[in-house]
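# Summary of the model geometry
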Amino acid sequence: MLAHLLAVCALVQLDGGAEEEAIAGLLHDALEDEPEIATAEEIERRFGSRVRQIVQISSDTPEEYRGGRKAPWKERKAKYLEHVRHSSPDLLRVTVADKVDNVRALLADLTRLGDALWTRFNAPKPEQLWYYRGALDAYKSAGFKGPLLAELERLVIELERTAA
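Numbering of residues begins from 1 in every chain and follows the order in which that chain's sequence is written. Whole-chain, interface and lining totals are the exception, using all residues; otherwise, since this is a predicted model, local features are given only for residues with pLDDT of at least 70 and side-chain atom pairs are given and counted only at 80 or more. Only hydrogens and water are set aside; all other atoms, that is, all heavy atoms of the structure, feed into the side-chain values.

## Some details on the overall build of the protein
Helix numbering and strand numbering both begin at the N terminus, where a helix is a DSSP run of H or I of at least 4 residues and a strand a DSSP run of E of at least 2. Broken down by element type, the protein carries 9 helices and 0 strands. Going from the N terminus to the C terminus, the protein shows its helices and strands as α-α-α-α-α-α-α-α-α. Taken against the 2.2 N^0.38 rule, which gives 15 Å for 164 residues, the C-alpha radius of gyration of the protein at 15 Å falls within 12% of a compact globule. Taken over the C-alpha atoms alone, the protein extends approximately 45 × 35 × 30 Å along its principal axes. The reference for a compact globule is 2.2 Å times residues^0.38; the radius of gyration itself is calculated from the C-alpha atoms.

## What about the layout of surface pockets?
Buriedness for pockets is judged along seven lines, at least five of which must meet protein on both sides within 12 Å for an open set on the 1 Å grid over protein atoms alone, while cavities are sets there where a 1.4 Å probe fits but cannot get out, and lining residues have an atom within 4 Å of a point. Grid points are joined across faces, edges and corners, and a volume is the space filled by probe spheres set on the points. Taken as a whole, the largest pocket spans an internal volume of roughly 940 Å³. Lining the largest pocket are 33 residues, and of these His4, Asp29, Asp98, Asn102 and Tyr132 sit closest to its centre. Those elements that provide at least two residues to the lining of the largest pocket are helix H1 (2–14), helix H2 (19–27), helix H3 (30–33), helix H6 (73–85), helix H7 (93–113) and helix H8 (125–142). By residue number, the principal contributor to the lining of the largest pocket is H7, which donates 7 residues. Considering only residue class, the lining of the largest pocket consists of 14 nonpolar, 6 polar and 13 charged. The nonpolar class holds Ala, Val, Leu, Ile, Met, Phe, Trp, Tyr, Cys and Pro. Asp, Glu, Lys and Arg form the charged class, and all remaining residues, Gly among them, are polar.

## Quick look at the environment of Arg104
By secondary structure assignment, the location of Arg104 is in helix H7. Exposure categories follow from relative accessible area, calculated using a 1.4 Å probe and restricted to protein chains: below 20% of the type maximum is buried, above 50% is exposed, and the middle band is partly exposed. Exposure remark for Arg104: the relative accessible area of 37% places this residue in the partly exposed category. C-alpha of Arg104 to C-alpha of Leu152: the two residues are 48 residues apart in sequence and 9.1 Å apart in space.

## What about the packing of aromatic side chains?
Pairing of aromatic rings covers Phe, Tyr and the six-membered ring of Trp, with a centre-to-centre limit of 6.5 Å; geometry is then stacked below 30 degrees between planes, edge-to-face above 60, and tilted otherwise. Tallied over the entire structure, the rule returns 6 aromatic pairs. For the ring pair Trp73 and Tyr131, a centre distance of 5.9 Å and an interplane angle of 70 degrees mean the geometry is edge-to-face. On the criterion of sequence distance, the pair formed by Trp73 in helix H6 and Tyr131 in helix H8 is long-range, its members being 58 residues apart. Each member of the pair, Trp73 as well as Tyr131, is classed as buried.

Written out as structure tokens, the structure is:
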């Protein structure tokens, strides 16, 4: 959804992100959502290696993914979280911004729809909550710091409280 990509880009810029990070914010879902069109090689050719690195770190699909069936949701998310824990913090602003926007949307929908919200997803409420808490912890473990992470922490706590 275009609104999500623009929101992530805006969050990155408001957090002091560089132009390359803003571009990566616009492209952060490309490798998992449009792998037949946007490849890591094409992103690097057009926008440089730093943008490619940021987009790859922001993706929960393996580097060789080119479309088709994905691994099960929890397996993909667990691998993503483990990868993030060992990533350079200077490459994580976009994926943190992505989670901030996602949790904001979850909270808005939860207020509007109640528990019916959770039926939209490939994983039930407890696993969704596990994932966002795990993402927060992984970003901290990697050494990412700043206002964007503080906002994610506030939102995750609110999501856990509201969903309880």
